[in-house]
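The lines below spell out each chain.
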Amino acid sequence: MGMDDVPAWHNDNRGIFSVKSAYKVQMEIQRRRSSRGIPSSSSGAIIEQEGWKNRWIMNCPGKVKHFCWRLAHDSLALRVNLRRRGIDLDTRCVVCNRQAEEGGHLFLKCKIVREVWLQLQTGLEKERDILTQTQSAAEMVGVMLKFEESKKLLAVNLLWHWWNERNKIREGERGRSAAELTYIIINQVHQFIEANAQERREQIQNVVGRRAWSLPEENYVKINTDGAFSPLNKSGCWGFVSRGSEGAVLFAGAGKIKQALDPFHTEVMACLAGVL
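In what follows, the accompanying structure is described. Note that this is a predicted model, so its numbers are computed, not measured.

A closer look at the environment of Leu154
And step 1. By the secondary structure assignment, Leu154 is in helix α10 (residues 149–170).
And step 2. The class of Leu154 is buried, set by a relative accessible area of 2%.
And step 3. Sequence separation of Leu154 and His190 is 36 residues, and the distance between their C-alpha atoms is 9.7 Å.

Structural notes on the pattern of salt bridges
Once the charged atoms of two side chains with opposite charge are near each other, the side chains can pair.
And step 1. Under the counting rule described, the total for this entry stands at ten salt bridges.
And step 2. Residue Glu125 is joined to Arg114 by a salt bridge in which the shortest nitrogen-to-oxygen separation is 3.9 Å. In this pair, Glu125 is assigned in helix α8 (residues 125–132) and Arg114 in helix α7 (residues 111–119), connecting sequence segments eleven residues apart.
And step 3. When the shortest N-O distance is used, the salt bridge between Lys151 and Glu127 registers 3.2 Å. Here Lys151, found in helix α10, pairs with Glu127, found in helix α8; they are 24 residues apart in sequence, far enough to count as distant.

Topic: the nonpolar core
In globular proteins that are soluble, nonpolar side chains generally tend to be buried together.
And step 1. Counting residues in hydrophobic clusters, the biggest one holds 39 residues, and the most contacted among them are Phe67, Leu71, Phe107, Trp117, Leu158 and Leu159.
And step 2. With nine residues, the top contributor of residues to this core is α10.
And step 3. Those residues in contact with Phe67 that lie beyond four places of it in its chain are Leu76, Phe107, Leu159, Trp160 and Trp163.

Side note on the sheet that holds strand β3 (residues 249–257)
And step 1. Read across the sheet, three strands follow the order β1-β2-β3 without closing on themselves; strand pairing throughout is antiparallel. One side of each edge strand has no neighbouring strand; the edge strands of this open sheet are β1 (222–230) and β3. Averaged over all pairs of adjacent strands, the angle between strand axes in this sheet comes to 5°, irrespective of strand direction.
And step 2. Where strand β2 (residues 235–243) lies against β3, eight bridges are found, and the strand directions are antiparallel. By the bridge assignment for β3, Trp238 is matched with Gly255.
And step 3. Lying on the sheet, helix α12 (residues 263–275) is in contact with β1, β2 and β3; it crosses β1 at an angle near 150°.

Remarks on the packing of helix α4 (residues 62–72) against α10
And step 1. Where α4 meets α10, the axes come as close as 10 Å, and the angle between the chain directions of the two elements is 85°. With respect to α10, the element α4 is oriented roughly perpendicular. Facing α4, whose interface residues are Lys63, Val64, Phe67 and Leu71, α10 presents Val156, Asn157, Leu159, Trp160 and Trp163.
And step 2. Here the residues of the contact of α4 with α10 are counted per class, giving seven nonpolar, one polar and one charged.

Remarks on unusual backbone geometry
And step 1. For Asp74, which is not a glycine, the phi torsion comes out positive at approximately 55°.
And step 2. Mapped onto the elements of the fold, Asp74 is located in the loop between α4 and α5 (79–84).
And step 3. Given the relative accessible area of 34%, Asp74 is considered partly exposed.
And step 4. Residues other than glycine seldom take positive phi values, yet Asn219 does so here, at roughly 70°.
And step 5. Positionally, Asn219 belongs in the loop between α11 (178–209) and β1.

Looking at the side chain of Ser21
And step 1. Positionally, Ser21 belongs in helix α1 (residues 19–35).
And step 2. For Ser21, a relative accessible area of 7% puts it in the buried group.
And step 3. Ser21 has contacts with Trp9 and Asn11, leaving out every residue within four places of it along the chain.

Quick look at α12
And step 1. With 13 residues, α12 should reach 18 Å at 1.5 Å per residue; the first-to-last C-alpha distance of 19 Å fits that figure.
And step 2. Here α12 has its buried residues at Thr266, Ala270 and Gly274. Taken end-on, α12 shows its buried residues confined to a sector of 75°, consistent with a single buried face. Seen from the open side of α12, the exposed residues pointing more than 90 degrees away from its buried face are Phe264 and Val275.
And step 3. Among the structural elements, β1, β2 and β3 are those in contact with the buried residues of α12.
And step 4. Residue Asp262 occupies the N-cap position of α12, its side-chain oxygen lying 3.2 Å from the main-chain nitrogen of Phe264.

Each value, and the rule that gives it
Residues numbered from 1 in each chain as written. Predicted model: local features only at pLDDT ≥ 70, side-chain atom pairs only at ≥ 80, totals over all residues. Heavy atoms only, no water. Helix = DSSP H or I, 4+ residues; strand = E, 2+ residues; numbered from the N terminus. Buried < 20%, exposed > 50% of the residue type's maximum accessible area, 1.4 Å probe, protein only. Salt bridge = Lys/Arg side-chain N within 4 Å of Asp/Glu carboxyl O. Core = buried A, V, L, I, M, F, W, Y, C linked by side-chain atoms within 4.5 Å. Contact = heavy atoms within 4.5 Å. Pairing = 2+ DSSP bridges. Axes fitted to C-alpha atoms, helices over the stretch in contact; angles between N-to-C directions. Parallel < 35°, antiparallel > 145°, perpendicular 65-115°, else oblique. Nonpolar A, V, L, I, M, F, W, Y, C, P; charged D, E, K, R; others polar. Expected span 1.5 Å × (residues − 1). Arc of directions from axis to C-beta. Polar contact = N/O pair within 3.5 Å; in protein donor to acceptor, adjacent residues only side chain to side chain.

Following this line, the structure appears as structure tokens:
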């Protein structure tokens, strides 16, 4: 065809590699292994089954979602995790200085955090008890994501704020009371919900505010054009449609451009074709 060979990623329709397409391939491999009864060594398979997608549509900032991801993968710098990785240090909890600092203790059983669970709105003690029955960090996050929406938001933000509180105490700052933390968590969740509602209102207004296609005036012709450009092989295409004042199509056309300079070039060719 007179074209040079170029490397292409066959798992994408455009032949272009992306992390997103690679992730989909990995998930498909894990799904096939699971269907054949082969256990996966990655906790990602468990997280996917427990509602991985739900984590990214929560009314929370990206930093909270990222924390949730790290928690699910047990990659937080908890003292027990650091000892497991060969670092010689005291594994006692930074906050209470009694039990070993692993995820179950720090986030669910430490004295102050238990009070916070209890004080949030009508209390999340029942939900805390459910989470204490899970066997891994991935399972705990998966169960938490199935909570009713408001309780899920409170639980996720509680864990994130408590992790930040733990880090401040580690650096020598004064720890805040359960009542202070409860107030901060509830207030921030309300802010997240309101910000998300405002964003949705703006999206609706943008959609409503868009001008729909309208008929041209009498004795006039309206020409709509469009062009497309492929950076992979520097080619493009164009198209146009002409309509009269009653909306009937008068002319229409489309074609390919073997050598296109850029997207603007294809748009100009579409305009020229429509006019000529």
